Each structure stands twice: as structure tokens, then as C-alpha cells.
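Examining the three-dimensional arrangement
Okay, here's what each chain looks like letter by letter:
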Amino acid sequence: MENLNFEATKYTPEIKLDATSGIISLVGKSYPENTFEFYKPMMEWLENYFEENAQDVTTVNMEIIYFNSSSSKLFFDFFDLLDEAKDDNTIKINWIYDEENESAEEAGEDFVEDFEDLDIELVTK
Amino acid sequence: MSDDRERRKAERAERREKERASTTNDRREEESNQEENKLVGEIDELKITFNMTIDKLAKDIKRQDKIMSRADKRQRKEYDELQDRLVEVTALQESQKKLMDSFIELIAGAIDAKSKYTGGHCIRVPELSMMLVKEASNSDEEPFKEFKLESEDELRELNIASLLHDCGKVTTPEYIVDKATKLETIYNRIHEVRTRFEVIHRDLTIEALEKKLAGEDVSTVDAWLEVEHKKLVEEYEILAIANVGGEYMKDESKEKIREIASRTWVRNFDDTLGLAHEEKQRVLLEKSETPAVEQLLSDKKRHIIEREYFDYEEYERFGFKTKVPENLYDLGELTNICISAGTLTYEDRFKIQEHVVMSIKMLEQLPFPENLKNVPLYAGSHHETLIGTGYPRQLSAEDMSIPARVMAIADVFEALTASDRPYKEPKTLSASVKILSFMAKDKHLDPDLFKLFLSSGIYKEYAKDRLKPEQIDEVDISQYL
Ligand SMILES: [Fe+2]
Ligand SMILES: [Fe+2]
């Protein structure tokens with residue numbers, strides 16, 4: 001399975017989807033013009049990955065500094081996808097944020113609350 | 001009999017009919033039961049799906065709510081941060097603007113302080129140009145009807161240009177800026193000292209001769225000496241007056257000077273001693289053995305200071321048109337004493353004019369923001385005219401914007417009326433306006449702005465502020481309007 005990488009832009013985060021190491025990382029800001037279009041390749045890649053290519057342990061590192069509301073909607077969908085995949089896979093999620101960044105912290109807490117069965121760890125930098 | 005048959009037949013038919021009906025009913029009942037069960041199943045299934053959908057919807061709504069309220073909160077926070085940042089940036093911008101303005105004033109003050117020739121010129125020209133440009137902007141009369149200053153920035157642009165218009169003067173040698181007499185230059189006084197030695201040398205010789213010639217007719221010798229001395233004194237006076245450069249020097253005067261200059265004297269001392277390397281090299285261009293017969297005044301090779309390096313390509317690239325003299329300076333005694341008007345040689349005049357070239361080059365190096373981008377242009381055209389006779393770009397009317405024309409008038413009027421220049425008597429207000437009127441007539445200055453300058457009363461207002469009481473006289477402006 002091919003890895004998928006997106007460079008960060010002014011409005012979108014850096015995305016690294018590595019099927020070989022099983023490490024998925026999103027770093028940066030998220031204000032895409034069309035959020036669902038933008039993340040579609042990532043979501044499709046993930047579905048494909050969990051269907052037949054998943055590693056024993058999958059690690060998700062998310063470090064999203066600023067994001068718009070459609071991005072947080074998408075992140076819920078993203079966690080839904082992980083939630084479905086968790087029964088057959090070991091998934092470890094790190095929600096990384098700067099101590100000073102209250103919004104990022106709150107978003108992380110929301111995900112923990114909504115996805116009790118997922119292994120989400122809030123990590124301060 | 002047939003009635004019976006008929007009845008039985010009817011009874012059978014009825015029974016059959018009943019039987020048939022009863023089987024159909026059973027079947028129908030059975031079918032209906034089956035359908036009912038299926039329906040219930042479907043309904044149950046639907047119920048489950050429905051509940052799931054409702055659950056999901058409820059969850060989604062809850063999520064959506066959370067997302068939106070979080071987003072609102074984030075937005076408010078970002079908005080607050082932006083507001084705070086804006087306040088910070090505005091304050092920073094303001095303090096930077098103040099710093100920049102102070103820097104500019106400091107530079108203008110430094111140029112003024114550098115030379116007594118400019119006095120308070122750089123600080124006062126902006127006052128005049130601000131007054132005049134505002135007047136032009138407010139005027140609804142032609143040709144200023146279309147000219148409107150749109151913002152504070154445009155005013156600031158001209159103010160900065162006015163403050164910095166002569167900034168190139170920091171590069172002009174002081175002895176040129178301040179050259180008050182024709183023979184003035186940076187001078188090694190060893191020459192003066194040597195001349196005194198020459199005089200003592202001769203006095204000693206004369207004393208010896210006097211002793212020897214004790215027996216001659218005294219009155220004849222005295223009469224002769226008196227004539228010769230008188231002639232010498234007169235010749236010196238002619239030279240001395242010419243040195244000041246107060247009036248135009250006619251060809252006859254120049255001829256007379258040359259005649260005086262041809263007097264000779266004998267030099268007994270080595271004139272290459274006591275000189276630094278550069279001057280020594282120049283002096284050695286001529287033979288220097290003693291005793292030597294020297295002219296009273298002369299042009300020698302040593303008087304020419306060559307131009308070492310000049311970037312003609314850059315000069316052209318900037319659009320400068322003023323002709324560049326071959327040599328940097330000409331210190332020739334005869335050349336200088338014979339300067340027709342003023343005290344500057346061709347080379348000196350270029351050196352003086354070069355201050356605008358330097359102003360432009362210096363100002364164009366500065367990264368002025370968009371709203372101040374005309375500063376180099378305004379500052380750089382203060383010595384231009386409307387007919388291509390100015391310097392350094394020899395611009396004409398179509399290249400001269402109103403602010404640039406305003407600057408040119410302000411520059412001249414300040415210089416004319418200034419009372420803080422050691423080389424000239426302060427002019428009266430009426431005399432200054434008269435000179436301005438000649439320049440306007442010759443299209444060296446803008447005639448319409450000149451008229452506005454008078455009709456608005458700016459000349460008077462400025463005079464009250466900046467001229468000495470004895471300079472302020474009545475000006476009949478009607479003759480100029
Ligand atoms: Fe000037
Ligand atoms: Fe000036």
C-alpha cells in the first residue's frame with residue numbers, strides 16, 4: 001500500500017499516512033476551503049488501510065493548532081472511522097497541543113468524552 | 001318431483017358454495033396472518049433502524065452543537081486576540097512613525113548644522129511648502145481645481161521630501177558649499193609662511209643695497225618709489241575686489257587682472273617642502289629649482305585635481321543630464337580670480353549641483369512604503385524648471401507635479417529671505433518677491449503657484465514668522481497678479 005503525504009500550506013496541515021510504520025500524523029492548521037474534499041483522500045486511504053493493510057499497532061499523532069468548525073466536524077468523522085476499526089485493530093491516538101492553546105485542549109477533551117472506547121491520550125508539548 | 005330436484009340442486013350448490021367460501025376464507029386468513037407477521041417484523045426492523053437513526057441524529061445534533069459552540073468560542077477568542085494585536089500593531093506603527101519622523105528631522109537639522117551656508121534652510125523649506133501645497137489643494141480656481149490632497153499621507157510625503165531635499169549636501173565638501181571668495185579653498189598655510197620668508201629674504205637684500213647706494217639723489221628715487229608703490233596698491237585693490245565676486249566680471253576686467261598677474265617675483269625657496277604626498281605629486285608636475293621666476297598669479301598643472309572615478313553608466317541610468325566636468329576641481333589662481341559671476345568655477349558649480357544627484361541616490365536607496373514613494377521624486381526636482389533648464393534631470397513642465405513645483409518655490413524663497421547666511425545681506429521681502437517674479441516669468445518657477453503664493457498671503461504670513469522686522473516691507477502684489 002502506498003504512503004500518502006501532503007505538505008502543509010497556509011490553510012492546511014501536513015498529513016503523513018505511513019502504511020509501513022502504521023503511523024498517521026496531522027500537524028498544523030486546518031482551514032481548508034472545502035474541508036470534506038480536502039480530507040477525502042485521507043479518509044479513503046484510512047478505510048483501505050484498516051480493511052486489509054493495517055499494522056499490528058496503528059499510532060495516530062494529531063497536532064492541530066488552529067481549525068475551523070467544518071474541520072472539527074471532520075475530525076469527529078475521523079474518530080468515528082477509528083472507532084469502527086478499533087475492534088479489529090490496536091489504535092493509539094495522541095492529541096498533541098501546546099499548553100497555552102486552550103482551544104486545542106478543549107477539542108481534545110471533547111474527543112475523549114465522545115469516544116470513550118478509543119485510546120486517546122492528551123499530550124502537552 | 002322436479003321441484004325437489006331443483007331444491008336439492010340448489011342446496012348442493014349452496015353447500016359447495018359454502019365449502020368453497022370456507023376454504024378460501026381459511027386460506028385468506030392464513031395469508032393475512034403471514035403478512036401480518038412479516039409486517040410486524042419489518043416494523044420492528046424499521047423501529048430499530050429508526051431508533052438508531054434518531055440516536056445517531058441526536059448524537060450528531062449534540063456533536064454539531066458542541067462543534068458550533070466551540071467554534072464560536074474559538075472565534076471570539078481569536079477575534080479578541082486579533083483586536084489586541086491590532087491595538088499593539090497600531091501603537092507600534094505610531095511609535096515607529098514618530099521615530100522615523102524624528103530621524104528625518106535629525107538629518108535635516110544635521111545638514112543645516114553642518115554648514116552656515118544653509119543655516120536653517122532644511123527646517124524652514126518644509127514650512128513654506130506645507131503652506132503652499134495646502135493652499136493649492138484648497139483652491140477651486142484653475143489650474144488647481146483638479147489638484148486635491150487626498151490624505152494626511154500625501155502631505156507627509158511632501159513634508160518628508162522637503163525636509164530631506166538637500167540631504168545630498170552631507171557629501172558636498174564644506175569649502176565648496178561655503179566658498180565665499182574666488183580664491184578660497186582648503187589651504188596649506190605653508191605657502192603663506194614661505195611667502196613671508198621670501199619677503200624677509202628680499203628685505204635683507206634691499207637693506208644691503210640701500211647701504212651700498214647711500215650716495216644717490218634721494219628725491220628722484222623717492223618720487224619713483226611712490227609711483228610704483230601706489231600702482232602696486234591699486235593693483236592689489238583690483239585683485240581683492242575681484243576676489244569677492246560681487247558683480248559680473250567683464251572681459252576688460254579680466255584683461256586687467258591678467259596684466260596684473262603677469263608681474264613676476266623670484267622664488268628662492270623650495271615649494272615642494274612641507275607638502276603631503278598628494279599635493280607634492282601635483283607640485284612636482286612643474287620644475288621647482290630655485291631661484292625661479294614666478295608670476296604673481298598663475299594657472300599651473302598642479303592646480304588641476306583630476307576626477308579619479310565616476311560611474312557615468314549609473315549617472316545615465318538615473319536620468320541625470322547635467323554635463324559632468326572632466327576634472328574634479330580647478331584651483332588655478334587666474335581661472336578662479338577671473339570667474340565671471342559668483343565665486344564658483346565650472347567644476348565647483350557641478351560639485352554644488354551634485355548635491356541633488358546625491359539626494360536622489362540616497363533617497364532612492366531607502367525602502368519608502370507605497371504611501372511615501374514620491375519622496376525621492378519631489379525632493380529630487382527642487383532645482384528643476386518648467387523649461388528643461390534645471391538640474392540634474394533637465395525636466396520640463398509635464399514632468400513636474402504640483403508638489404514638486406511647490407518645493408521649488410519654497411526652496412528659492414527661503415534662500416532669498418534667509419537672514420542667517422554669512423555670505424549675504426538679508427534681502428527685503430519686496431526684493432525677494434521681485435526676484436521670485438523674474439523666475440516665474442522665465443518659467444524657472446511655476447507662475448500660477450507664484451500668483452497663489454502672493455494672493456493667498458502666504459509670503460506675508462511666512463515673513464511674519466521667519467523674517468527680521470527690518471526685512472519686512474510693503475509689497476505691491478497687484479503688479480504681479
Ligand atoms: Fe538644493
Ligand atoms: Fe534647498
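Residues numbered from 1 in each chain as written. Chains lettered and ligands numbered in written order. Predicted model: local features only at pLDDT ≥ 70, side-chain atom pairs only at ≥ 80, totals over all residues. Heavy atoms only, no water.

When its secondary structure is counted, chain A shows 3 helices and 6 strands. Starting at the N terminus, the α and β elements of chain A follow one another as β-β-β-α-β-α-β-α-β. A principal-axis box enclosing the C-alpha atoms of chain A has dimensions of 40 × 30 × 25 Å. Residues counted as buried form 46% of the 125 residues belonging to chain A. Long-range contacts, defined as pairs at least 24 residues apart, comprise 67% of the intrachain contacts of chain A with a sequence gap of at least 6. (Helix = DSSP H or I, 4+ residues; strand = E, 2+ residues; numbered from the N terminus. Buried < 20%, exposed > 50% of the residue type's maximum accessible area, 1.4 Å probe, protein only. Contact = heavy atoms within 4.5 Å.)

Ideal geometry at a metal centre gives angles of 109.5 degrees when four donors are arranged tetrahedrally and 90 or 180 degrees when six donors are arranged octahedrally. Residues and elements named next belong to chain B. Protein coordination at the iron ion (ligand 1): the donors are D166 (OD), H355 (NE2), H382 (NE2) and H383 (NE2), at 2.1 to 2.2 Å from the metal. With 4 donor atoms in place around the iron ion (ligand 1) and angles of 79 to 168° between them, the coordination shape is irregular. For the iron ion (ligand 1), the single-chain donor residues occur in sequence as D-x188-H-x26-H-H. For D166, a relative accessible area of 1% puts it in the buried group. (Donors = N, O, S within 2.8 Å, 3.2 Å for Na, K, Ca; no water. Tetrahedral: all angles 85-135°; square planar, octahedral: opposite > 155°, others 65-115°.)

Moving on to the confidence of the model for chain A. Here chain A averages 94 in pLDDT, and 100% of its residues register 70 or above. Per-residue pLDDT, averaged within each element of chain A, yields its smallest value for helix α3 (residues 102-114) of chain A (92) and its largest for strand β2 (residues 14-18) of chain A (97). (pLDDT = per-residue confidence, 0-100.)

Below, the discussion takes up the interface of chain B and chain A. At the junction of the two partners, chain B supplies 11 residues and chain A supplies 16 residues. Here chain B and chain A share an interface that buries about 1,400 Å² over both sides, 40% of which is from carbon and sulfur atoms. The interface formed by chain B and chain A holds 7 salt bridges in total. Connecting chain B to chain A are 7 residue pairs in polar contact (both at pLDDT 80 or more). (Buried area = accessible area lost by both parts, 1.4 Å probe. Salt bridge = Lys/Arg side-chain N within 4 Å of Asp/Glu carboxyl O. Polar contact = N/O pair within 3.5 Å; in protein donor to acceptor, adjacent residues only side chain to side chain.)

Our focus in this paragraph is α3(A). Taking 1.5 Å per residue as the helical rise, α3(A) with its 13 residues ought to reach 18 Å, and the 18 Å between its terminal C-alpha atoms agrees with that figure. Those residues of α3(A) that fall on the buried side of the exposure criterion are A:S103, A:A104, A:E106, A:A107, A:G108, A:D110 and A:F111. (Expected span 1.5 Å × (residues − 1).)

All names here are of chain B. Along the chain, G342 falls in the loop between α10 (333-337) and α11 (346-365). Here G342 falls in the partly exposed class, since its relative accessible area comes to 31%. Ignoring any residue separated from it by four or fewer positions in sequence, one finds G342 in contact with K182 and G245.

Attention now moves to the environment of B:V475. Residue and element names in this part refer to chain B. The topology assignment puts V475 in the segment after α16 (458-466). Given the relative accessible area of 9%, V475 is considered buried. Along the sequence, V475 and L377 sit 98 residues apart, while their C-alpha atoms lie 33 Å from each other. In this structure, V475 is in contact with L429, S430, V433, Y459 and Y480, ignoring residues within four places of it in sequence.

Residue and element names in this part refer to chain B. In total, this model carries 0 disulfides over all chains according to the counting rule given. Here C122 is not cross-linked by a disulfide; its sulfur's nearest cysteine counterpart is in C167, at 8.5 Å. Residue C122 is classed as buried on the basis of its relative accessible area, which comes to 0%. (Disulfide = S-S within 2.5 Å.)

Partitioning chain B into structural domains gives domain 1 (1-93), domain 2 (115-176 + 344-479) and domain 3 (190-304). The gap between the C-alpha centroids of domain 1 of chain B and domain 3 of chain B is 127 Å. (Domains from an automatic or database assignment.)

What follows is about a positive patch on the surface. Together, B:R5, B:R8, B:K9, B:R12, B:R15 and B:R16 make up a positively charged patch on the protein surface. Secondary-structure assignment places B:R5 in helix α1 (residues 2-114). (Patch = residues over 30% accessible without salt bridge, like charges linked within 9 Å, V, L, I, M, F, W, Y side chains within 5 Å. Areas by Shrake-Rupley, 256 points an atom, 1.4 Å probe, with all protein chains shown as cover. Lys, Arg positive; Asp, Glu negative; His and termini not counted. Charge placed at Lys NZ, Arg CZ, Asp CG, Glu CD.)

Let's shift gears to the packing of aromatic side chains. Inspection of every chain in the model, using the stated rule, returns 23 aromatic pairs over all chains. Judged by centre distance (4.9 Å) and plane angle (65°), the rings of A:F76 and A:F111 are edge-to-face. Residue A:F76 is located in helix α2 (residues 69-85), and its partner A:F111 is located in helix α3; the two are separated by 35 residues in the primary sequence. For the pair A:F76 and A:F111, a shared accessibility class is recorded, and that class is buried. On the basis of an interplanar angle of 75° and a centroid distance of 4.8 Å, the ring pair of B:F413 and B:F453 is categorised as edge-to-face. A residue pair is termed long-range when its members are at least 10 positions apart, and B:F413 in helix α13 (residues 402-417) and B:F453 in helix α15 (residues 447-455) qualify at 40 residues. (Phe/Tyr/Trp six-rings, centres within 6.5 Å; stacked < 30°, edge-to-face > 60°.)

Here the focus is the coordination of the iron ion (ligand 2). Residues and elements named next belong to chain B. Within the protein, H121 (NE2), H165 (NE2), D166 (OD) and D411 (OD) serve as the donor atoms for the iron ion (ligand 2), at 2.0 to 2.2 Å. If you look at the iron ion (ligand 2), its 4 donor atoms make angles of 80 to 168° with each other, and the shape they trace is irregular. Look at where the donors of the iron ion (ligand 2) fall in the sequence and you get H-x43-H-D-x244-D. The metal-metal distance between the iron ion (ligand 2) and the iron ion (ligand 1) is 3.3 Å, with D166 coordinating both. Here H121, found in helix α2 (residues 121-138), pairs with D411, found in helix α13; they are 290 residues apart in sequence, far enough to count as distant. Neither residue differs from the other here; H121 and D411 are each classed as buried.

Helix-helix packing is described using two parameters, namely the angle between the two axes and the distance between the axes. Residue and element names in this part refer to chain B. Contact geometry of α2 with helix α3 (residues 152-164) gives a least axis separation of 8 Å together with a crossing angle of 150°. One finds that α2 runs roughly antiparallel with respect to α3. Between α2 and α3 the crossing geometry is right-handed. Between α2 and α3, the contacting residues are C122, I123, V125, P126, S129, M130, V133 and K134 on the first element and L155, L158, N159, S162 and L163 on the second. Split by residue class, the contact of α2 with α3 holds 9 nonpolar, 3 polar and 1 charged. (Axes fitted to C-alpha atoms, helices over the stretch in contact; angles between N-to-C directions. Parallel < 35°, antiparallel > 145°, perpendicular 65-115°, else oblique. Left-handed = near helix turned anticlockwise from the far one by under 90°. Nonpolar A, V, L, I, M, F, W, Y, C, P; charged D, E, K, R; others polar.)

It is worth spelling out the side chain of B:Q471 at this point. Residues and elements named next belong to chain B. Looking at the secondary structure, you find Q471 in the segment after α16. A polar contact is formed between the side chain of Q471 and the backbone oxygen of T417, at a distance of 2.8 Å. Excluding residues within four positions of it along the chain, Q471 makes contact with T417, S419, P426, K427, T428 and L429.

Turning our attention to helix α5 (residues 190-212) of chain B. Residue and element names in this part refer to chain B. In a regular helix each residue adds 1.5 Å, so 23 residues correspond to 33 Å; α5 covers 33 Å between its end C-alpha atoms and thus fits that length. Residues H191, R194 and E198 constitute the buried set of α5. The inward-facing, buried residues of α5 abut β1 (264-267) and α8 (277-283).

Turning to the sheet that holds strand β5 (residues 90-97) of chain A, a few remarks are in order. Residue and element names in this part refer to chain A. Reading across from one edge, β1-β2-β3-β4-β5-β6 is the order of the 6 strands in this open sheet, with mixed pairing throughout. The open sheet terminates on both sides in strands that have one partner only, identified here as β1 (4-6) and β6 (120-124). Each strand axis lies, on average, 15° off the axis of its neighbour in the sheet, ignoring direction. Sheet topology places β2 next to strand β3 (residues 23-30); 5 bridges connect them, and they run antiparallel. Residue I15 lies in a different strand from β3, and its bridge partner there is L26. Strands in contact with α2 are β3, β4 (57-67), β5 and β6; relative to β4, the strand with the most contacts, it is inclined by about 170°. (Pairing = 2+ DSSP bridges.)

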